[in-house]
Amino acid sequence: MEIGNIHFRSNLFLAPLAGYTDGAFRRIATEFGAGCCVTEMVSAEGLARGNDRTEELLRRFDGEEELVMQLFGPDVDPFSRALDHLMPYRPTMIDINCGCPVPKVIKTGAGSALMQEPERIGRIVSFLSRNTDVPISVKFRLGWDMNSMNFLQFAHICVDNGAKLLTLHARTRSQGYSGSADWSQIKRLKDEFRNTDVKIFGSGDVLCAEDAVRMLSQTGCDGVMFARGAIGNPFIFSQVRSLLESGKCQRPSVDEIIDTVMRHYDYMAELFDERSAGHEMRKHVCAYVKGIPGSSRVKAEIVRAVTREEYLSALSALK
Ligand SMILES: Cc1cc2nc3c(=O)[nH]c(=O)nc-3n(C[C@H](O)[C@H](O)[C@H](O)COP(=O)(O)O)c2cc1C
């Protein structure tokens, strides 16, 4: 798959997920076949000010080739001050967050608030396109609420100013993450740009491999962003590939899940330290073991687990 002048291994991407898509999770997702991953959203203002945490968010794992870096901010000014700080991290593509519904972000005019004044996204995309060789992408929602679904107009402003990839999370800001995503609007967006080289990715309610295959066929979108469906389930990337190739896919065995959790733990400990890995892994493990018989015992023990041995011992309840 080509976006702008960049070649990606596949059109199945790991979506930006605040609090999740660090280097360790991205490494696991890549091993299972993610075509590229997106960092969690990084504040353009924080980056411009040299905030320490941003360095952590943008750091690649060893061998990570492509990495889309997502920024958020309300207007062109923080992006223009952030750009020189961002470029040394060699983003493969820069994505602009226009979908975040969190009040703390919206009240600064960033995230989905940009959909209320689309001329601001025009200025941001135009500035970035003119000042870097890196393709620019935009991730947005249907609109602010059901009464202001302006995603088609918004998309045209992004493309007119140079965006090469548009990802539509097919919910409104007021829906947050509830209700269902309206995939028919992803199809409308794809149809709108059918005869152009702009790529359209779909996001929303891709919770299993079968969902991704259905989204691709029902909407004609160029690619899929996996979000909640990949948390605790990086297997989803290889499952989609296998479904597309052979019409079948296998669920991972308990042993495979335990091996994957422990590898994830090791990558996390490599990236941070054992203590932080112990804390950060808890939410991932709860997602990995969800629905497996014996998972409630694992969850109860994981709350106290920190070291590798404690994790392994907690997970043994699944066997
Ligand atoms: C915990 C969490 C964190 C998220 N963080 C981001 C983010 O940093 N940037 C972004 O553009 N979207 C973010 N999203 C939205 C997802 O990328 C995705 O568009 C959304 O969850 C819809 O897909 P799904 O229904 O398949 O989960 C986040 C979603 C969740 C659940």
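Owing to the predicted nature of the structure, the values given are computational and were not obtained by experimental measurement.

On to the site of the ligand, then. Taken together, 22 residues lie near the ligand, and A15, P16, M41, A227 and R228 sit nearest. Its residues assigned to classes, the shell around the ligand comprises ten nonpolar, eight polar and four charged.

By the assigned domains, the chain splits into domain 1 (2–246) and domain 2 (254–318). Measuring from the centre of the C-alpha atoms in domain 1 to the corresponding centre in domain 2 gives 28 Å. Taken residue by residue, the interface counts nine residues in domain 1 and ten residues in domain 2.

Another point: helix α14 (residues 308–315). All of the buried residues in α14 are Y311, A314 and L315. For α14, the angular spread of buried residues about the axis comes to 95°, placing them on one side. α14 presents E309 and S313 as exposed residues on the side facing more than 90 degrees away from its buried surface. The secondary structure elements touched by the buried residues of α14 are α11 (254–271), α12 (274–289) and α13 (295–302).

Conventions adopted
- Residues numbered from 1 in each chain as written.
- Predicted model: local features only at pLDDT ≥ 70, side-chain atom pairs only at ≥ 80, totals over all residues.
- Near = placed C-beta within 6 Å.
- Nonpolar A, V, L, I, M, F, W, Y, C, P; charged D, E, K, R; others polar.
- Domains from an automatic or database assignment.
- Contact = placed C-beta atoms within 7 Å.
- Buried ≥ 20, exposed ≤ 12 C-beta atoms within 10 Å, placed from the backbone.
- Helix = DSSP H or I, 4+ residues; strand = E, 2+ residues; numbered from the N terminus.
- Arc of directions from axis to C-beta.

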